[in-house]
Amino acid sequence: MIISTGRAYVFVHIPKTGGTALSLALEARAMKDDILLGDTPKAKRRRRRVQGAETRGRLWKHSTLSDIDGLVPDQVLDGLFAFTLVRNPWDRAVSYYHWLRTQNFDHPAVHLAGRLSFDAFVTHPQILQSFRATPADSYMRRADGREQCDVYIRLEHFAEDAAPLVAHLGFALDLPRANASARAADYRGYYSDRAAQAVAESCAADIARFGYAFG
């Protein structure tokens, strides 16, 4: 996440959507008072700026707008251009699985990915419930439940969808490749019919809202 009062924006980083690349692009033009929450080099150097802050939720790279309640005044957040990246859910699930298999921290999803095939992982009730519970708009809701998002940028159509953001910033953005998982480029080969349908059902809200399809 990045909160820039100087450039009047807040970037919410939804996991496995290309957010690290966008964070790096934005941080390359960061202002001195920008709040950077994450694990990029510049964000790590600024961690002390938020130490001791009393907020509604956890302050980390994937904080939601609700989580940061208390970090900046409501009237300031009201005036920020809010945006995030989204990604084809079937593609995102493949990247999520392969990323989890390289991790060793104590989390149920890490343990499931480590012992299950992709098909078993992506159809597991716990994973499907996680997908259902965290559509894109859940990241963009304030503590009072209001959705604040000026633009959802589809990773697959970045240049087109990011035009309002570029206009707001006044400079172009180039996404470097970052935090990529080791996987085949075409996600479709990972799926059985059953697994594809399971993702379709659990991610139905995002699929409908952003016009995604399997293929």
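Presented here is a report on the structure given in the accompanying data block. (Residues numbered from 1 in each chain as written. Predicted model: local features only at pLDDT ≥ 70, side-chain atom pairs only at ≥ 80, totals over all residues. Heavy atoms only, no water.)

Scanning all chains against the criterion turns up zero disulfides. Unpaired in this structure, Cys149 has its nearest cysteine sulfur neighbour in Cys203, at a distance of 18 Å. By relative accessible area, which is 21% here, Cys149 ends up partly exposed. Overall, the relative accessible area of 12% leaves Cys203 in the buried class. (Disulfide = S-S within 2.5 Å. Buried < 20%, exposed > 50% of the residue type's maximum accessible area, 1.4 Å probe, protein only.)

All right, on to the environment of Gln126 then. Summarising the element assignment, Gln126 is placed in helix α7 (residues 125-133). Of the residues examined, Gln126 reaches a relative accessible area of 39% and is grouped as partly exposed. Separated by 18 residues in sequence, Gln126 and Pro108 have C-alpha atoms that sit 8.7 Å apart. The contacts of Gln126, once residues within four sequence positions are left out, are Pro108 and Leu112. (Helix = DSSP H or I, 4+ residues; strand = E, 2+ residues; numbered from the N terminus. Contact = heavy atoms within 4.5 Å.)

Buried within helix α11 (residues 193-202) are the following residues: Ala195, Ala196, Ala198, Val199 and Ser202. For α11, the angular spread of the buried residues around the axis is 160°, confining them to a single face. What points out from α11, more than 90 degrees from its buried face, is the exposed set Asp193, Arg194 and Glu201. The elements touched by buried residues of α11 are α4 (89-100), α6 (118-122), α7 and α12 (204-210). (Arc of directions from axis to C-beta.)

Turning to unusual backbone geometry, a few remarks are in order. Despite not being glycine, Ala8 has its phi angle at roughly 60°, a positive value. With a relative accessible area of 22%, Ala8 lands in the partly exposed category. At Lys16, a position not held by glycine, the phi torsion is positive, near 55°. Residue classification places Lys16 among the buried residues on the basis of a relative accessible area of 13%.

Below, the discussion takes up the packing of aromatic side chains. The final tally for this structure, using the stated rule, is 15 aromatic pairs. Relative to Phe83, the ring of Tyr9 has its centre 5.6 Å away and its plane inclined at 50°; by these criteria the two rings are tilted. Of this pair, Tyr9 sits in strand β2 (residues 9-12) while Phe83 is found in strand β4 (residues 81-86), placing the two residues 74 residues apart along the sequence. One exposure class covers both Tyr9 and Phe83, and it is buried. Summarising the aromatic geometry, the rings of Tyr152 and Phe210 are spaced 5.2 Å apart at their centres and angled 55° between planes, so their arrangement reads as tilted. One end of the pair, Tyr152, is in strand β5 (residues 151-154); the other, Phe210, is in helix α12, with 58 residues separating them in the sequence. Taking relative accessible area as the criterion, Phe210 reaches 10% and is therefore assigned buried. Here the aromatic cluster, defined as three or more aromatic residues joined through ring pairs, consists of Trp90, Tyr96, Tyr97, Phe118, Phe121, Phe131, Tyr187, Tyr190, Tyr191 and Phe214. (Phe/Tyr/Trp six-rings, centres within 6.5 Å; stacked < 30°, edge-to-face > 60°.)

Strand order in the open sheet formed by five strands is β3-β1-β2-β4-β5, and the pairing between neighbours is mixed. A single partner strand is all that each edge strand has here, and the edge strands are β3 (35-36) and β5. Pairing between β2 and β4: four bridges, direction parallel. Note that in β4 the partner of Val10 across the bridge is Ala82. (Pairing = 2+ DSSP bridges.)

Looking now at the nonpolar core. Grouped together as the largest cluster of nonpolar side chains are 47 residues, with contacts concentrated most on Ile3, Val10, Trp90, Phe121, Val122, Phe131 and Tyr191. No other element matches the six residues that α4 contributes to this core. Excluding residues within four positions of it along the chain, Val10 makes contact with Met1, Ile2, Ile3, Leu65, Leu77, Leu80, Phe81, Ala82 and Phe83. Counting 19 residues, the second largest nonpolar core, distinct from the first, contains Leu22, Phe83, Phe171 and Leu173. (Core = buried A, V, L, I, M, F, W, Y, C linked by side-chain atoms within 4.5 Å.)

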